[in-house]
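The lines below spell out each chain.
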Amino acid sequence: MSSPDQAGECLISRADLARGIDRIALQMSNDLASSTRPPLLVGVLKGSTLFLADLMRSMHLEVDIDFISISAYSPSGSSSGVVRIVKDLEVDIAGRDVVIVEDIVDTGLTLNYLRRSLAERGPRSLRAVTLLDKVARRIVPVDVEYSAFEIADVFVLGYGLDFQGLYRNVPEILAVKDIAKLANDPMLLVRSLFVEAGA
Ligand code: PRP
């Protein structure tokens, strides 16, 4: 997936993803070692699913998980950051050590909303971890305690991140070189990634 004539190329390989995740899993395990109850990792659907699975597998202590899903704000709108919870947590987080798990922090609007919303529920502590951090795109400042990879302002997909619902199960992070080409033919990279590989 690195041929220069293709619309996408590998940005973060499987091996580098594993190394970056192991590094923050160790930091988080150390920081959360004094938790009185297993820390709660809150996966933000749907993009964080692969990251959450590998992160929790790499941690050196017992953890609990739950999921939350929020509606996306309109990218073409006023950037008001108005979002709402469409699937809430099943557990009460009062008194718990909570870590929000994101695949990517971009404008920061989503994480900012989630932090404010979950903080109101009285957790013992509240942190955030992200696989990818596009710092250059930030609209609102937001705390991100753990970040595996800071990336430039490029369109990325794979390892949970999608384009029109596709590419979430690509095992590495791809950078899209020609987004117009992909928009015109959303299956473009699917063919080179899966069809050729399986041929
Ligand atoms: C992505 C990502 C974050 C959010 C980050 O979710 O998972 O939740 O966008 O963007 P922001 O910092 O600009 O708010 P998306 O809406 O694409 O949903 P998905 O995870 O289901 O693909």
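Everything numeric in this text was worked out from a predicted model, so none of it was measured.

1. Focus: the side chain of Ser58
Then step 1. When you line up the elements, Ser58 lands in helix 2 (residues 49-58).
Then step 2. Note on Ser58: relative accessible area 18%, which makes it buried.
Then step 3. Within polar-contact distance, the side chain of Ser58 engages the side chain of Asp22 at 2.8 Å.
Then step 4. Residues contacting Ser58, with those up to four places away along its chain left out, are Ile21, Asp22 and Ala25.

2. Notes on the nonpolar core
Then step 1. Counting residues in each nonpolar core, the largest one holds 27 residues, and the members touching the most others are Met28, Phe51, Leu55, Val129, Leu131, Leu132 and Ile173.
Then step 2. Listing elements by their share of this core, those giving two or more residues are helix 1 (14-31), helix 2, strand 5 (97-105), strand 6 (125-133) and strand 7 (146-150).
Then step 3. Looking at this core element by element, the count peaks at five residues for helix 1.
Then step 4. If we ignore the near neighbours within four places in the chain, the residues touching Ile173 are Glu9, Cys10, Leu11, Ile12, Leu17, Leu131, Leu132, Val156, Leu157, Gly158, Tyr159 and Leu161.
Then step 5. Counting 18 residues, the second largest nonpolar core, distinct from the first, contains Val42, Leu89, Tyr113 and Leu118.

3. A few points about the environment of Glu90
Then step 1. With respect to the element layout, Glu90 can be found in the loop between strand 4 (85-87) and strand 5.
Then step 2. Measuring from C-alpha to C-alpha, the distance between Glu90 and Phe67 comes to 7.9 Å, with 23 residues separating the pair along the chain.

Calculation criteria
- Positions within a chain are numbered from 1, following the residues in the order the chain's sequence is written.
- Given that the model is predicted, a residue must reach a pLDDT of at least 70 before its local features are reported, and side-chain atom pairs must reach 80 or more before they are shown or counted; all residues, however, enter totals for whole chains, interfaces and linings.
- Values reported for side chains reflect all heavy atoms of the structure, with hydrogen atoms and water molecules removed beforehand.
- Secondary structure elements follow DSSP: runs of H or I no shorter than four residues count as helices, runs of E no shorter than two count as strands, and numbering proceeds from the N terminus.
- Type-normalised accessible area, obtained with a 1.4 Å probe on protein chains alone, sets the label of each residue: buried when under 20%, exposed when over 50%, and partly exposed for intermediate values.
- Any pair of nitrogen or oxygen atoms within 3.5 Å is treated as a polar contact; in protein, a donor-acceptor pairing is required on top of that, and neighbouring residues in sequence qualify only through side-chain atoms on both sides.
- Contact criterion: two residues are considered in contact whenever any of their non-hydrogen atoms come within 4.5 Å of each other.
- We define the nonpolar core as a collection of buried residues of types Ala, Val, Leu, Ile, Met, Phe, Trp, Tyr and Cys that are connected through side-chain atoms lying within 4.5 Å of one another.

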